[in-house]
Amino acid sequence: MKIVSISDTHGMYRDLDIPEGDMLIHAGDILSRGSLENLRDFNEWIGEQPHKYKVVIAGNHDWCFQDHLEVARMIMTNCIYLQDESVEIEGLKIYGSPWQPWFFNWAFNLRTPEELKEKWDKIPEDTDVLVTHGPPLGILDLTMDGLNVGCSELIKAVERIKPRAHIFGHIHEGYGDTMLDGCIFVNASINTHRYRPINEPIIFEI
């Protein structure tokens, strides 16, 4: 399975040149401020992409999923939207979740480690591909200020589950991929720290 991963398009997805592959995964911050009108345009765009499978989660800018979840789900007719749930595609179990530690009062923020742990405890043990908006602590989460700002409870969940791949974004400066203990970690942020959509989609096979 050839997976093309993107994240943090912030409404600039039409500026991208998306490579071909079997599956396109978007790890959140689809939009700028997340209106339903914007979401309709994104659904049209993703329907134009050539990939057989398309999987999407929300991020902290995607307010329409937090405020109008059922309507937003109905709009997303050209992809599979995951929010604390799994889908199995050609033998791969993919789990998606939008939550992250508190971040400037945006969407899908949780204040305490206990709240975050409750979300990550829902991830099934047999997950092959984990898709979250934010990174786990210490992995592709370094900011321009030199701080690791990933989720400490998420890295514990990853160590427990041992997925084959973990795709995320949120921290634009952390763009890239790395292999650790048999898992490929991908920070697929398309936008740079200065919100320029110049990072390439990251492709891997699983």
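Conventions we followed
Residues numbered from 1 in each chain as written. Predicted model: local features only at pLDDT ≥ 70, side-chain atom pairs only at ≥ 80, totals over all residues. Heavy atoms only, no water. Buried < 20%, exposed > 50% of the residue type's maximum accessible area, 1.4 Å probe, protein only. Helix = DSSP H or I, 4+ residues; strand = E, 2+ residues; numbered from the N terminus. Pairing = 2+ DSSP bridges. Right-handed = clockwise from strand over helix to strand, strands pointing away. Core = buried A, V, L, I, M, F, W, Y, C linked by side-chain atoms within 4.5 Å. Contact = heavy atoms within 4.5 Å. Disulfide = S-S within 2.5 Å. 1 Å grid on protein atoms, 1.4 Å probe; cavity = no way out; pocket = protein on both sides within 12 Å on 5 of 7 lines; lining within 4 Å. Points joined across faces, edges and corners; volume = space filled by probe spheres on them. Nonpolar A, V, L, I, M, F, W, Y, C, P; charged D, E, K, R; others polar.

**Student:** Explain the pairing of strand E3 (residues 53–56) residue by residue, including any values.
**Tutor:** Within a regular strand, side chains alternate between the sheet's two faces. What you see with E3 is no split at all: Tyr53 and Val55 on one side and Lys54 and Val56 on the other are buried throughout. Sheet topology note: the strand E2 (residues 23–26)/E3 ladder contains four bridges and is parallel. By the bridge assignment, isoleucine 25 is partnered in E3 with valine 55. Where the polypeptide runs from E2 across helix H1 (residues 36–47) and back to E3, its parallel neighbour, the crossover connection is right-handed. Here E3 runs beside strand E4 (residues 80–81); their pairing, made up of two bridges, is parallel. Bridge pairing in E4 places valine 55 opposite isoleucine 80.

**Student:** Now, about the pairing of strand E6 (residues 92–97): what can you tell me, with residues and values included?
**Tutor:** In terms of residue burial, E6 counts as a mostly covered element, since six of its six residues are buried. Where burial is concerned, the two faces of E6 agree: the one with Leu92, Ile94 and Gly96 and the one with Lys93, Tyr95 and Ser97 are both buried. The pairing of strand E5 (residues 85–89) with E6 spans five bridges and is antiparallel. The residue bridging glutamate 88 from the neighbouring strand is lysine 93, located in E6. Between E5 and E6, which pair antiparallel and follow one another directly, the connecting turn spans two residues, one of which, glutamate 90, has a positive phi of 50 degrees. In this sheet, strand E9 (residues 129–132) lies alongside E6 in parallel orientation, the contact comprising four bridges.

**Student:** Talk me through the nonpolar core; I want residue IDs and the actual numbers.
**Tutor:** Counting residues in hydrophobic clusters, the biggest one holds 41 residues, and the most contacted among them are Leu39, Phe42, Val56, Phe65 and Trp120. Broken down by secondary-structure element, the contributors of at least two residues to this core are strand E1 (2–6), H1, helix H2 (63–67), helix H3 (69–75), helix H4 (113–120), helix H5 (152–161) and strand E12 (183–187). Top element by residues in this core is H5. It accounts for five residues. Other than its neighbours up to four places away in sequence, leucine 39 contacts Leu31, Cys64, Phe65, Ala72, Ile75 and Met76.

**Student:** Let's hear about the state of the cysteines: which residues, and what values?
**Tutor:** Taken as a whole, this structure holds zero disulfides when the rule is applied. Cysteine cysteine 79 remains unbridged, with the sulfur of cysteine 64 as its closest cysteine sulfur at 11 Å. Residue class for cysteine 79 comes out buried when judged on its relative accessible area of 12%. Here cysteine 151 is not disulfide-linked; the sulfur of cysteine 183 is the nearest cysteine sulfur, at 15 Å.

**Student:** Mind laying out unusual backbone geometry, listing which residues take part and the relevant values?
**Tutor:** Of note in the backbone geometry, aspartate 29 takes a positive phi value of approximately 55 degrees without being a glycine. Residue position: aspartate 29 is located in the loop between E2 and H1. The residue aspartate 181 is not glycine, and still its phi comes out positive at about 50 degrees. By secondary structure assignment, the location of aspartate 181 is in the loop between strand E11 (176–180) and E12. Taking relative accessible area as the criterion, aspartate 181 reaches 86% and is therefore assigned exposed.

**Student:** Quick one: what's the story with the layout of surface pockets, residue by residue and with numbers?
**Tutor:** Gaps between atoms show up when a probe of the same size as a water molecule is rolled over them. Each pocket or cavity is described by its volume, and for the largest pocket that value is around 370 Å³. Around the largest pocket, the lining is made up of 24 residues, and of these Phe103, Thr143, His170, Ile171 and Glu173 lie nearest the centre. Looking at the lining of the largest pocket residue by residue, the classes come out as ten nonpolar, ten polar and four charged. Contributing to the lining of the second largest pocket are Ile139, Ile155, Val158, Glu159, Lys162, Pro163, Leu180, Asp181, Cys183 and Phe185. Listed by contribution, the elements that provide at least two residues to the lining of the second largest pocket are H5 and E12. Sorting elements by how many residues they give to the lining of the second largest pocket places H5 first, with three residues.

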